[in-house]
Amino acid sequence: MKTSRHPARGGRLTVGCSAAAGALMLALAAPGTAVADSIDGNFPTADEVGGEVFPRGVQAGDRFPTDWDIYDANGNKTDVSKLIKGKRTVLAFFISAVPVSVEELKKLQNAFTGKGDTQLLFVNSDQVGGKLLGVDPVQETARTVRVIKREENIKHPMFVAPNDALSPTGLSNKLGFRGLPTVFVIDKNGKVEKVYVGPQDWSDTRV
């Protein structure tokens, strides 16, 4: 797996899934949709592209869907419903090849460590391009996640969520990603309290 200097911090970040990140940034399934910014991972707004191009996605008040695949940092399949059942959860989706997205993990960790009533889970969702590398995409991304966990000193659980951003049934469309990082705050009964898109000032722990 190749690595390159992190442009923002001078550290090292695994980019074996950079092709995957590029695939995710191709927006969603419909032809002609807009491309996400490779610097901050955000998609253009509806006004910027001349009309709504994204699915509604999961909103505050919705029950958070758990019918999608997720794997732990060792590449073993697990169950979303079991991970969040009965626990207030901050579920943060990120993209490994975008430094701002990775930085958000550390900001969230600093803000929520020690909050006993809320668990913090990180989910990498840029692995679809692993197929283009001729390797098992889940295992390749799991290796990337382990490197990030070690190099960024992440203490909270990290996972891999296979995401075909170009598929109408892919995770991007199921959850309605408009950019990464995207953070869902889910109550202990599985209902979404809040949704945050893009980098936030988590020093003010509003959630």
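Preceding this paragraph is the structure being described.
Bear in mind the structure is a predicted one, so any value in this text is a computation, not a measurement.

Undergrad: I tried to follow the pairing of strand β9 (residues 192-197) on my own but got confused; where do I start?
TA: Regular strands have side chains that alternate between both faces of the sheet. By the bridge criterion, five bridges tie strand β8 (residues 182-186) to β9 in an arrangement that is antiparallel. In the sheet register, F184 faces β9, and the bridge partner there is V195. Between β8 and β9, which follow one another and run antiparallel, lie five residues, and G190 among them has a positive phi close to 90°.

Undergrad: Where do I start with the environment of I70 in this structure?
TA: Along the chain, the position of I70 falls in strand β3 (residues 70-72). Between the alpha carbons of I70 and A161 there is a distance of 4.6 Å; along the sequence they are 91 residues apart. I70 has contacts with N76, K77, T78, D79, V80, L83, V123, F159 and V160, leaving out every residue within four places of it along the chain.

Undergrad: Sorry if this is basic, but what is going on with unusual backbone geometry here?
TA: In most cases, non-glycine residues show a negative phi, while peptide bonds are predominantly trans. At the junction of L180 and P181, the peptide bond is cis and its omega measures out at 10° in the coordinates. By secondary structure assignment, the location of P181 is in the loop between α6 (171-175) and β8. Phi is positive for N153, close to 55°, though the residue is something other than glycine. Mapped onto the secondary structure, N153 falls in the loop between α5 (137-151) and β7 (158-160).

Undergrad: What is the right way to look at the environment of G75 in this model?
TA: For G75, the location among the structural elements is in the loop between β3 and β4 (77-78). When the C-alpha positions of G75 and V138 are compared, they lie 6.1 Å apart, and in sequence the two are 63 residues distant. Excluding residues that lie within four positions of it along the chain, G75 makes contacts with V138, Q139 and A142.

Undergrad: So what exactly am I meant to see when it comes to helix α4 (residues 99-112) here?
TA: At 3.6 residues per turn, the α-helix brings residues three or four places apart onto the same side. Helix length check: α4, at 14 residues, gives a terminal C-alpha distance of 20 Å against a target of 20 Å (1.5 Å per residue), a fit within 8%. Every buried residue belonging to α4 is among P99, S101, V102, E104, L105, L108, Q109, A111 and F112, and all of these are buried. Immediately beyond the C-terminal end of α4, within one or two residues, lies G114, with a positive phi of roughly 95°.

Undergrad: Would you explain the environment of T118 in this entry?
TA: Positionally, T118 belongs in strand β6 (residues 118-124). For T118, a relative accessible area of 10% translates into the label buried. If we skip the residues at most four places from it in the chain, T118 touches R88, T89 and V90. Separated by 3.4 Å, the side chains of T118 and D117 make a polar contact.

The rules behind these values
Residues numbered from 1 in each chain as written. Predicted model: local features only at pLDDT ≥ 70, side-chain atom pairs only at ≥ 80, totals over all residues. Heavy atoms only, no water. Pairing = 2+ DSSP bridges. Helix = DSSP H or I, 4+ residues; strand = E, 2+ residues; numbered from the N terminus. Contact = heavy atoms within 4.5 Å. Expected span 1.5 Å × (residues − 1). Buried < 20%, exposed > 50% of the residue type's maximum accessible area, 1.4 Å probe, protein only. Polar contact = N/O pair within 3.5 Å; in protein donor to acceptor, adjacent residues only side chain to side chain.

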